[in-house]
Amino acid sequence: MSKSLQAIRGMNDILPEQTPAWRYLESTLVSLLDGYGYKEIRLPIVEYTELFARGIGEGTDVVDKEMYTFLDRNEESLTLRPEGTAGCVRAVLEHGMTGGGQVQKLWYAGPMFRYEKPQKGRYRQFHQIGVEVFNLPGPDVDAELIVLTARLWQKLGLTDAVTLQLNSLGSSEARGAYREALVAYLQERFEHLDEDSQRRMSTNPLRILDSKIAETQALLVDAPRLHDYLDAESVAHFEGLKARLDAVGIRYEINQKLVRGLDYYSRTAFEWVTDKLGSQGTVCGGGRYDGLITQFGGKPTPGVGFAMGVERLVLLLETLGLLPEELNSPADLYLCAFGEAAELAGLGLAERLRDAIPGVRLLVNSGGGSFKSQFKKADKSGARFALILGEDELAARVVGCKSLRDDAQQETIGWDALPAHLAACLQA
Ligand code: HAM
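Calculation notes
Residues numbered from 1 in each chain as written. Predicted model: local features only at pLDDT ≥ 70, side-chain atom pairs only at ≥ 80, totals over all residues. Heavy atoms only, no water. Helix = DSSP H or I, 4+ residues; strand = E, 2+ residues; numbered from the N terminus. Buried < 20%, exposed > 50% of the residue type's maximum accessible area, 1.4 Å probe, protein only. Polar contact = N/O pair within 3.5 Å; in protein donor to acceptor, adjacent residues only side chain to side chain. Contact = heavy atoms within 4.5 Å. Core = buried A, V, L, I, M, F, W, Y, C linked by side-chain atoms within 4.5 Å. Pairing = 2+ DSSP bridges. Expected span 1.5 Å × (residues − 1). Arc of directions from axis to C-beta. Near = heavy atom within 4 Å. Areas by Shrake-Rupley, 256 points an atom, 1.4 Å probe, with all protein chains shown as cover. Nonpolar A, V, L, I, M, F, W, Y, C, P; charged D, E, K, R; others polar. Phe/Tyr/Trp six-rings, centres within 6.5 Å; stacked < 30°, edge-to-face > 60°. Salt bridge = Lys/Arg side-chain N within 4 Å of Asp/Glu carboxyl O. Axes fitted to C-alpha atoms, helices over the stretch in contact; angles between N-to-C directions.

Caption draft 1: The arrangement of the side chain of Arg260 in detail. Counting through the fold element by element, Arg260 comes out in the loop between β8 (253–254) and β9 (268–273). The buried category is assigned to Arg260, whose relative accessible area is 11%. At a separation of 2.9 Å, a polar atom in the side chain of Arg260 contacts the side chain of Tyr265. Not counting the four nearest positions on each side in its chain, Arg260 is found in contact with Arg207, Tyr265, Ala269, Phe270, Glu271, Gly285 and Gly286.

Here is the structure:
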């Protein structure tokens, strides 16, 4: 097939055999979010480029190397969203949703776009479910977000497969002081740094801390430590968060090198990671971003949130065999109709059955065909019962009802008795 008729590298079709797992994950999380009082917000996929440049930060990989940016017909620079936080902050500001200290607890879901090198668990179009909370400055809400994610792992059977990495990045002043100390330390060892880290010295030095290069990590062993620079308020906030996690028995690992790839964080930063997916093991990441809203011209407004990667979580559930078997359960009923009159009557009968048996999965044969071919299709569909409506049945206002999963004799049931009969059969 010519290249232009293929999907773009790193942008995947989610095929019908995969979508049940996606829906399972999404609906499990969404019902949890409902239970915690979070409300859905739907946001555009495209925003002005400046929103991301200012929000995520020049010097981050996302902004410098990974954005899908283009000029529209009006010569305005637009970008496919690489993440959801910046757009969500824009929306709450634009609609005055955080004015007067209003608390907002929001969630969103959808595709994000980053021009990364595609590999297992890393794509150019990927999907996130994200949560953002506004106007709650305390560690109690940071804890709530983490508790909520822990509950999701429990519901999905993933508790033993993920661990929580936790850090505090302090206030922006504290981080600034730490950045200076780190740069001074690394400057003396500049020629021993890998190329990427050398570049980051001028753009985003804190990112050097999570370099994957062993030599760079060795150099960092004696480097200044972030937590020696934390301001007193951030320390108290972090202690408050840890106390709450301890109180509900959520284990965590403090990782002072966890700085995250986006520039807007202050204080809490966290990631849930798994060792079951190879190098792309972060399934959920987030933190506090109390300074972001003023950066967008709003009044000082605390913000905190996270986003999880849907592809990675589905992959993890598949890898660990944790998808419920009934996800792919086939239809309940397959209606075969022979001849035009029976087909017409069958259509009405099928709709009456849908009214009478809520949630019934009823396939109506399409495209006609002989008895043999329709019966074969009924069998292949995986349905539990075939309903047979030919000219004789039509004349007698009955339907043949044949179990496709055992050798039970075909029964003949009157149309009026059919809904109750089928409901009972399906419950058995
Ligand atoms: P992030 O760490 O860039 O944070 O992304 C969150 C999650 O999205 C990652 O942990 C990962 O599971 C998934 N993800 C990221 N990039 C890819 C990719 N290329 N392919 C597949 N999955 C990917 C954020 O986006 C922040 N907006 C999270 C946040 C919300 N912080 C505060 N509020």
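Caption draft 2: Spotlight on the nonpolar core. Ile146, Trp153, Trp272, Val283 and Met308 are the most contacted members of the largest nonpolar core, which has 88 residues in total. Take this core: its biggest share by element is 9 residues, from helix α5 (residues 139–156). Ignoring any residue separated from it by four or fewer positions in sequence, one finds Trp272 in contact with Ile146, Thr149, Ala150, Trp153, Val162, Thr163, Leu164, Ile250, Gly281, Thr282, Val283 and Cys284. Of all hydrophobic cores here, the second largest spans 21 residues; its members include Ala350, Leu387, Ile413 and Leu426.

Caption draft 3: Structural view of the pairing of strand β6 (residues 125–134). Counting buried residues in β6 gives 9 out of 10 residues, a clear majority hidden from the surface. Sheet analysis places strand β5 (residues 104–113) next to β6, joined by 10 bridges and oriented antiparallel. Looking at the pairing, Gly110 lines up with Gln128 of β6. Of the pairings in the sheet, the one linking β6 to strand β11 (residues 303–309) comprises 7 bridges and is antiparallel in character. In the strand pairing of β11, Gln128 is matched with Gly309.

Caption draft 4: How the structure looks around helix α6 (residues 172–187). Between its first and last C-alpha atoms α6 spans 22 Å; for 16 residues at 1.5 Å apiece the expected length is 22 Å, and the two agree. Buried within α6 are the following residues: Ala174, Arg175, Tyr178, Ala181, Leu182, Tyr185 and Leu186. The buried residues of α6 occupy one face: seen down the axis, they fall within an arc of 130 degrees. Exposed and oriented more than 90 degrees from the buried face of α6 are Glu173 and Glu180. Buried residues along α6 sit in contact with α7 (195–203) and α8 (214–219).

Caption draft 5: View of the site of the ligand. Inspection of the region around the ligand gives 26 residues, with Glu83, Thr85, Glu116, Glu132 and Tyr265 positioned closest. Note that an oxygen atom of the ligand is positioned 3.0 Å from one of the side-chain N or O atoms of Gln128. For the ligand, the protein covers 95% of the area, taking 660 Å² as the surface of the free molecule. Of all the elements in the fold, those that place two or more residues in the shell around the ligand are β6, β10 (282–288) and β11. For the shell around the ligand, the element with the most residues is β10, which contributes 6 residues. In terms of residue class, the shell around the ligand is built from 10 nonpolar, 9 polar and 7 charged.

Caption draft 6: Structural context of the packing of aromatic side chains. Applying the stated criterion across every chain, the model contains 9 aromatic pairs. When the centroid spacing of 5.7 Å and the interplanar angle of 70 degrees are considered together, the rings of Tyr68 and Tyr115 count as edge-to-face. Of this pair, Tyr68 sits in strand β3 (residues 68–71) while Tyr115 sits in the loop between β5 and β6, placing them 47 residues apart in sequence. Seen in terms of ring centroids, Phe338 and Phe371 are 5.4 Å apart; in terms of plane orientation they differ by 40 degrees. Their pairing is tilted. With Phe338 in the loop between β12 (333–337) and α12 (340–356) and Phe371 in helix α13 (residues 371–380), this residue pair connects regions lying 33 residues apart in the sequence. Here Phe338 falls in the buried class, since its relative accessible area comes to 17%. Judged by relative accessible area, which is 43%, Phe371 ranks as partly exposed. Following the ring pairs from residue to residue traces out a cluster consisting of Phe134, Tyr264, Tyr265 and Tyr289.

Caption draft 7: Up close: the pattern of salt bridges. Under the counting rule described, the total for this entry stands at 22 salt bridges. A salt bridge links Asp61 to Arg199, with the shortest nitrogen-to-oxygen separation between them at 3.8 Å. Linking Asp61 in helix α3 (residues 61–65) with Arg199 in helix α7, this pair joins segments that are 138 residues apart in sequence. Of the charged contacts in the structure, one is a salt bridge between Arg90 and Glu94, with a shortest N-O distance of 2.8 Å. Separated by 4 residues within a single helix, Arg90 and Glu94 lie in helix α4 (residues 85–94), roughly one turn from each other.

Caption draft 8: Local environment of the sheet that holds strand β13 (residues 362–364). Read across the open sheet, the 5 strands follow the order β13-β12-β14-β15-β16; overall the sheet is mixed. Edge positions in the open sheet fall to β13 and β16 (411–414), since each of these has one partner strand only. Going from strand to strand, the sheet's axes swing by 25 degrees on average, the running direction of each strand aside. The sheet strands contacting α13 are β12, β14 (385–389) and β15 (398–403), and the helix crosses β12 at an angle near 170 degrees. Each of β12, β14, β15 and β16 is contacted by helix α15 (residues 418–427), which is oriented at about 135 degrees to β16, the strand it contacts most.

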